[in-house]
Amino acid sequence: KACDGGDATGCSYLGWAYTDGQGVEQDSFKAVELFKKACDGGDATGCYNLGVMYNSGEGVKQDYFKAAELFKKACDGGDAGGCYNLGVMYANGQGVEQDSFKAVGLYKKACDGGDATGCFWRGNSYAVGIGVEQNYFKAAELYKKACDGGDAEGCKAYAKLNK
């Protein structure tokens, strides 16, 4: 009812229900339709979710360029996961030109926005010196932030640096 009433966030939640088959029959195509409606309605998480679908090719033809565009829209709208995923795309050169500096900047935006995985990958960037000057102290600080945010890999990396 919320989605039908024009609530973009409601469309995003309903899209997840269709993605996972929670309370409805699983339907990736319906999920894509709902995420598009959410994104077009200004819901940054809807843009993120639609980006995930294009990135994986679930319910749509896989399109890294479209995924990057949607992750950017999500990130610009305040969705930290969108920033993280766009960072990964810049790191790997998928859908965008490879750029380690942009990737690290997006990981920072994700981390600052509460995305623990963004903190972990920014920490990795500092640990190995990709896109930033190598700095183990900064890497450890970011791994701890990732760990505190619930990222298990962050916890492992933090423990390894603090032996």
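Residues numbered from 1 in each chain as written. Predicted model: local features only at pLDDT ≥ 70, side-chain atom pairs only at ≥ 80, totals over all residues. Heavy atoms only, no water.

Draft legend 1. Quick peek at the packing of aromatic side chains. Tallied over the full model, the rule gives five aromatic pairs. With 6.0 Å between their ring centres and 65 degrees between their planes, W16 and F35 make a pair best called edge-to-face. Here W16, found in helix α1 (residues 8–20), pairs with F35, found in helix α2 (residues 28–40); they are 19 residues apart in sequence, far enough to count as distant. (Phe/Tyr/Trp six-rings, centres within 6.5 Å; stacked < 30°, edge-to-face > 60°. Helix = DSSP H or I, 4+ residues; strand = E, 2+ residues; numbered from the N terminus.)

Draft legend 2. Expanded view of the state of the cysteines. Applying the stated criterion across every chain, the model contains five disulfides. Note on cysteine connectivity: C111 is disulfide-linked to C119, with sulfurs 2.0 Å apart. Taking the torsion about the sulfur-sulfur bond, which here is approximately 95 degrees, the covalent link between C111 and C119 counts as right-handed. Like C119, C111 is buried. When the cysteines of the protein chain that form disulfides are numbered from the N-terminus onward, they connect as 1-2, 3-4, 5-6, 7-8, 9-10. (Disulfide = S-S within 2.5 Å. Buried < 20%, exposed > 50% of the residue type's maximum accessible area, 1.4 Å probe, protein only.)

Draft legend 3. Main features of the confidence of the model for the protein chain. For the protein chain, the mean per-residue pLDDT works out to 95, and 100% of the residues sit at or above 70. When pLDDT is averaged over each element of the protein chain, helix α4 (residues 64–76) comes out on top at 98 and α1 at the bottom at 92. (pLDDT = per-residue confidence, 0-100.)

Draft legend 4. Expanded view of α2. For α2, built from 13 residues, the straight-helix expectation of 18 Å at 1.5 Å per residue is met to within 8% by its first-to-last C-alpha distance of 18 Å. Turning to α2, its buried residues number three or more, namely S28, A31, V32, L34, F35, A38 and C39. Tucked into the core, α2 has its buried residues touching α1, α3 (44–56) and α4. The backbone nitrogen of F29 lies 3.1 Å from a side-chain oxygen of the residue at the head of α2, namely D27. The positive-phi residue at the C-terminal boundary of α2 is G42, with phi of around 95 degrees. (Expected span 1.5 Å × (residues − 1). Contact = heavy atoms within 4.5 Å. Polar contact = N/O pair within 3.5 Å; in protein donor to acceptor, adjacent residues only side chain to side chain.)

Draft legend 5. Fine view of the nonpolar core. Core analysis: the largest hydrophobic core is formed by 30 residues, its most contacted members being L50, Y54, L86, M89 and Y90. When residues of this core are traced back to their parent elements, those giving at least two are α1, α2, α3, α4, α5 (80–92) and α6 (100–112). Ignoring anything within four residues of it in the chain, the contact list for L50 reads V32, F35, K36 and L70. (Core = buried A, V, L, I, M, F, W, Y, C linked by side-chain atoms within 4.5 Å.)

Draft legend 6. Geometry of the packing of α2 against α3. Two elements in contact, α2 and α3, have axes separated by 7 Å at closest approach and are oriented at 145 degrees. Considering how the two elements wind past one another, α2 and α3 form a crossing that is left-handed. Contacts from S28, A31, V32, F35, K36, A38 and C39 of α2 reach α3 at G46, C47, N49, L50 and M53. In terms of residue class, the contact of α2 with α3 is made up of eight nonpolar, three polar and one charged. (Axes fitted to C-alpha atoms, helices over the stretch in contact; angles between N-to-C directions. Left-handed = near helix turned anticlockwise from the far one by under 90°. Nonpolar A, V, L, I, M, F, W, Y, C, P; charged D, E, K, R; others polar.)

Draft legend 7. Local environment of the layout of surface pockets. Each pocket or cavity is described by its volume, and for the largest pocket that value is around 210 Å³. For the largest pocket, the lining is made up of 14 residues, of which A91, Y107, W121, S125 and I130 are closest to its centre. Those elements that place two or more of their residues in the lining of the largest pocket are α5, α6 and α7 (116–128). Among the residues making up the lining of the largest pocket, the classes are represented as nine nonpolar, five polar and no charged. (1 Å grid on protein atoms, 1.4 Å probe; cavity = no way out; pocket = protein on both sides within 12 Å on 5 of 7 lines; lining within 4 Å. Points joined across faces, edges and corners; volume = space filled by probe spheres on them.)

Draft legend 8. Summary view of the side chain of N85. With respect to the element layout, N85 can be found in helix α5. N85 has contacts with Y48 and F71, leaving out every residue within four places of it along the chain.

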